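# Structural overview
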Amino acid sequence: MQAAHCALVVALRYAPDKEEFAIVRQHLEIAIALSDEYHKLFWSIFWKTSPERVKKRIRSQCNQLAFDTYSHMIELALLVNEYAAKQTSVGVPQPKEWLEFIFNLKCAFRWIEREHPTEINILQLSLL
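Conventions used here
Residues numbered from 1 in each chain as written. Predicted model: local features only at pLDDT ≥ 70, side-chain atom pairs only at ≥ 80, totals over all residues. Heavy atoms only, no water. Axes fitted to C-alpha atoms, helices over the stretch in contact; angles between N-to-C directions. Helix = DSSP H or I, 4+ residues; strand = E, 2+ residues; numbered from the N terminus. Parallel < 35°, antiparallel > 145°, perpendicular 65-115°, else oblique. Left-handed = near helix turned anticlockwise from the far one by under 90°. Contact = heavy atoms within 4.5 Å. Nonpolar A, V, L, I, M, F, W, Y, C, P; charged D, E, K, R; others polar. Expected span 1.5 Å × (residues − 1). Buried < 20%, exposed > 50% of the residue type's maximum accessible area, 1.4 Å probe, protein only. Salt bridge = Lys/Arg side-chain N within 4 Å of Asp/Glu carboxyl O.

Where helix α3 (residues 52–90) contacts helix α4 (residues 98–115), the axes come no closer than 11 Å and their chain directions differ by 150°. In terms of axis orientation, α3 runs roughly antiparallel to α4. The two elements α3 and α4 meet at a crossing, and its hand is left-handed. Here A66, T69, Y70, M73, I74, L76, A77, V80, Y83 and A84 of α3 come into contact with α4, specifically with W98, F101, I102, L105, A108, F109, I112 and E113. Partitioning the contact of α3 with α4 into residue classes produces 16 nonpolar, one polar and one charged.

Set out below in structure tokens:
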């Protein structure tokens, strides 16, 4: 989750600072906050010496945080696609930081999907 968190933070630096992009930035900031909370929670105990019930509770909370982070990232991606389609249809050229923004979002998705595929898939299936 730490790698995804770092990529999200860098993506926020390159995110367009436009009014119509505000909701995207908001989802990005929420995803960053959730991934930061995950990191703090995960390292809040000593894993070798903590009781199993504490480990289980922390794992469960971390899984929920990973899923919530991913959910905001999915919403963010949908909004970014809509924004890009609107800008392209009007003929507005992409900002010079756009490629860095997209690259970091792709990295964040790749890393969170690689680190937490089970947690994300199980929670998605349980919602159906």
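Once the structure has been displayed, the description carries forward.
This brings us to helix α2 (residues 22–42). Between its first and last C-alpha, α2 extends 30 Å over 21 residues, near the 30 Å set by a 1.5 Å rise per residue. All buried positions along α2 are accounted for by V24, R25, H27, L28, A31, I32, L34, S35, Y38 and L41. Residues of α2 that are buried sit in contact with α1 (2–14), α3 and α4.

On to the pattern of salt bridges. Under the counting rule described, the total for this entry stands at two salt bridges. K40 serves as the salt-bridge partner of D36, at 3.3 Å between the closest nitrogen and oxygen. Of this pair, D36 and K40 are both found in helix α2, four residues apart, which corresponds to roughly one turn of the helix. Classification of D36 by relative accessible area gives partly exposed; the value is 27%. The salt bridge partner of R59 is E52, with a shortest N-O separation of 3.5 Å.

The quantities given are spatial measurements derived from coordinates; they are silent on function.
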